[in-house]
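So the chains spell out like this:
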Amino acid sequence: MTERMNLNQQLVLDANADEKQFLTFMMDEEEYGIDILTVQEIRGWEPVTVIPNSPSFVKGAMNLRGTIVPIIDLRQRFGITHIDYGPLTVVIVVSVTLKEQKKLMGIVVDAVSDVYSISEETAKDVPDFQDSENAQFVHGLVNVGEKMVVLLNLKKVLDLHDKSCVKSNGG
């Protein structure tokens, strides 16, 4: 009987309407989270078609069942040191609405980590210690157990028309 009550309590806690699920992934030993409802699929890294004169963080494009999907390297987008892609490197294909248009885009990350149910109300603002252009990419910070997870603002991260953070690789 006690076990059943515990299970019922767990189900009530799991059904908390304020919580959203976030897919987390790793980059440079930090854990980042995105709303799981934006995730369309997760693919292993495969070479993509390079797009000339695109920003350096745009690795190229891939054909995903007839849809051309631009691929963004989040390490380069955030100014994190480049590493060679390995067997854990994945492309997370997400669906975002940019300028009132729904778009599929892929983000290259080091590895997928976990799925957490997080109340966005518990997210803390990013400390305002510098005028970093990358601060706009962060929606908030949350503690999950002993870890801190950086929740991303995907619309800002994937808005390639935002000239404040686009640097062309010139070729």
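Residues numbered from 1 in each chain as written. Predicted model: local features only at pLDDT ≥ 70, side-chain atom pairs only at ≥ 80, totals over all residues. Heavy atoms only, no water.

- If you look the protein chain up in an unreviewed UniProt entry, it shows as Chemotaxis protein CheW from Pseudoalteromonas viridis.
- For the protein chain, the Subcellular location (unreviewed entry) comment in UniProt is given as "Cytoplasm". (UniProt positions renumbered as here; feature names shortened; annotations may be inferred.)

Looking at the overall build of the protein chain
Line of reasoning, step 1. Of the regular secondary structure elements, the protein chain holds three helices and ten strands.
Line of reasoning, step 2. Its helices and strands in sequence order give the protein chain the pattern α-β-β-β-β-β-α-β-β-β-β-β-α, from N to C terminus.
Line of reasoning, step 3. By residue count, 39% of the 171 residues in the protein chain fall in the buried class.
Line of reasoning, step 4. The contacts of the protein chain with a sequence gap of at least 6 include a subset with a gap of at least 24, amounting to 59%.
Line of reasoning, step 5. Accessible area of the protein chain: about 10,500 Å², with a carbon and sulfur share of 50%. (Helix = DSSP H or I, 4+ residues; strand = E, 2+ residues; numbered from the N terminus. Buried < 20%, exposed > 50% of the residue type's maximum accessible area, 1.4 Å probe, protein only. Contact = heavy atoms within 4.5 Å. Areas by Shrake-Rupley, 256 points an atom, 1.4 Å probe, with all protein chains shown as cover.)

What about the environment of Pro70?
Line of reasoning, step 1. Its place among the elements puts Pro70 in strand β5 (residues 67-73).
Line of reasoning, step 2. Taking the C-alpha atoms as reference points, Pro70 and Ile51, separated by 19 residues in sequence, lie 9.1 Å from one another.
Line of reasoning, step 3. For Pro70, the residues in contact, after removing those within four places along its chain, are Gly60, Ala61, Leu104, Met105 and Gly106.

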